[in-house]
Amino acid sequence: MVGQVLEIHKITFYEDEPPLEGLGHNKVLHVNVQYEDYFITKILIDGNSSLNICPLVTFKILGKGLHEIKDGAINVKALDGSQKFTIGEISLCLQMGPTWFEVDFKVIDVLASYNLLLGWPWIHATRAIASTLHQEVKFEWNHQEVIIHGDALLLLVLMNQ
């Protein structure tokens, strides 16, 4: 019994978990989430980002109005060295697998290759372990390991059925 309790707190990735392309792929980790009645794809999990980011276009598609943005504009620096001010902050309740997370996002008017970005604040709050190699995010919820597969892998699996 003690061994079972201790093992719950251990997240492991296995050799047979990498995507079909194998170990040489160069994909970023995108997952899918649900927000209210919206199924949002291309959620980038980025361990190099110190912010959770919601592009303004995503914010508008979710039916949100600018009046819902809380103050909290900050200056952010992109990977290319450019700087831009955020518009403010919004909280979204996202479902990922069997769990719901209240996530604070900085809203920014920027063209992005993702619909939402989950960075350190979300990764640390959930104690998630993200593996771009395996195209999975794993975390413990209610004493069980939850595995969220990257959406590119999901699309490949669905196409093969």
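Structure shown above.
One structure accompanies this document, and this report is about it. Since we're looking at a predicted model, the values are computed, not measured.

**Here we look at the pattern of salt bridges**
Okay, so step 1: With the rule as written, the count across this model stands at three salt bridges.
Okay, so step 2: The partner of Lys-106 in a salt bridge is Glu-89, and the shortest N-O contact between them spans 3.3 Å. Remark: Glu-89 occurs in strand E6 (residues 88–96) and Lys-106 occurs in strand E7 (residues 99–108); sequence separation between them is 17 residues.

**Notes on the side chain of Lys-64**
Okay, so step 1: By secondary structure assignment, the location of Lys-64 is in the loop between helix H2 (56–61) and strand E4 (75–77).
Okay, so step 2: Since its relative accessible area comes to 19%, Lys-64 is described here as buried.
Okay, so step 3: Within the local environment of Lys-64, its side chain forms a polar contact with the side chain of Tyr-35, the two groups lying 2.7 Å apart.
Okay, so step 4: Excluding its chain neighbours within four sequence positions, the residues that come into contact with Lys-64 are Tyr-35, Phe-59 and Leu-92.

**With respect to the environment of Thr-99**
Okay, so step 1: If you trace the backbone, Thr-99 turns up in strand E7.
Okay, so step 2: Residue Thr-99 is classed as buried on the basis of its relative accessible area of 1%.
Okay, so step 3: In the structure, Thr-99 is positioned 47 residues away from Val-146 in sequence and 8.8 Å away in space, judged by C-alpha atoms.
Okay, so step 4: The contact partners of Thr-99, leaving out residues within four places of it in the chain, are Leu-94, Phe-139 and Trp-141.
Okay, so step 5: Within the local environment of Thr-99, its side chain forms a polar contact with the backbone oxygen of Met-96, the two atoms lying 2.8 Å apart.

**Here we look at the sheet that holds strand E10 (residues 136–141)**
Okay, so step 1: In space, the three strands of this open sheet follow the order E9-E10-E11, with antiparallel pairing throughout. Edge strands, defined here as strands with exactly one partner in the open sheet, are strand E9 (129–131) and strand E11 (144–149). Sheet twist, expressed as the mean angle between neighbouring strand axes with direction ignored, is 20 degrees.
Okay, so step 2: In this structure, E9 lies alongside E10, joined through three bridges in antiparallel fashion.

**What to know about the pairing of E10**
Okay, so step 1: Hairpin geometry of E9 and E10 is characterised by an intervening segment of four residues between the two adjacent antiparallel strands and by a positive phi of about 55 degrees at Gln-135.
Okay, so step 2: Taken together, the six bridges between E10 and E11 define a ladder with antiparallel strand orientation. Residue pairing across strands places Glu-136 opposite His-149, the latter belonging to E11.
Okay, so step 3: Counted along the chain from E10 to the antiparallel partner E11, the turn is two residues long, and its residue Asn-142 has a positive phi close to 50 degrees.

Conventions adopted
- Residues numbered from 1 in each chain as written.
- Predicted model: local features only at pLDDT ≥ 70, side-chain atom pairs only at ≥ 80, totals over all residues.
- Heavy atoms only, no water.
- Salt bridge = Lys/Arg side-chain N within 4 Å of Asp/Glu carboxyl O.
- Helix = DSSP H or I, 4+ residues; strand = E, 2+ residues; numbered from the N terminus.
- Buried < 20%, exposed > 50% of the residue type's maximum accessible area, 1.4 Å probe, protein only.
- Polar contact = N/O pair within 3.5 Å; in protein donor to acceptor, adjacent residues only side chain to side chain.
- Contact = heavy atoms within 4.5 Å.
- Pairing = 2+ DSSP bridges.
- Axes fitted to C-alpha atoms, helices over the stretch in contact; angles between N-to-C directions.

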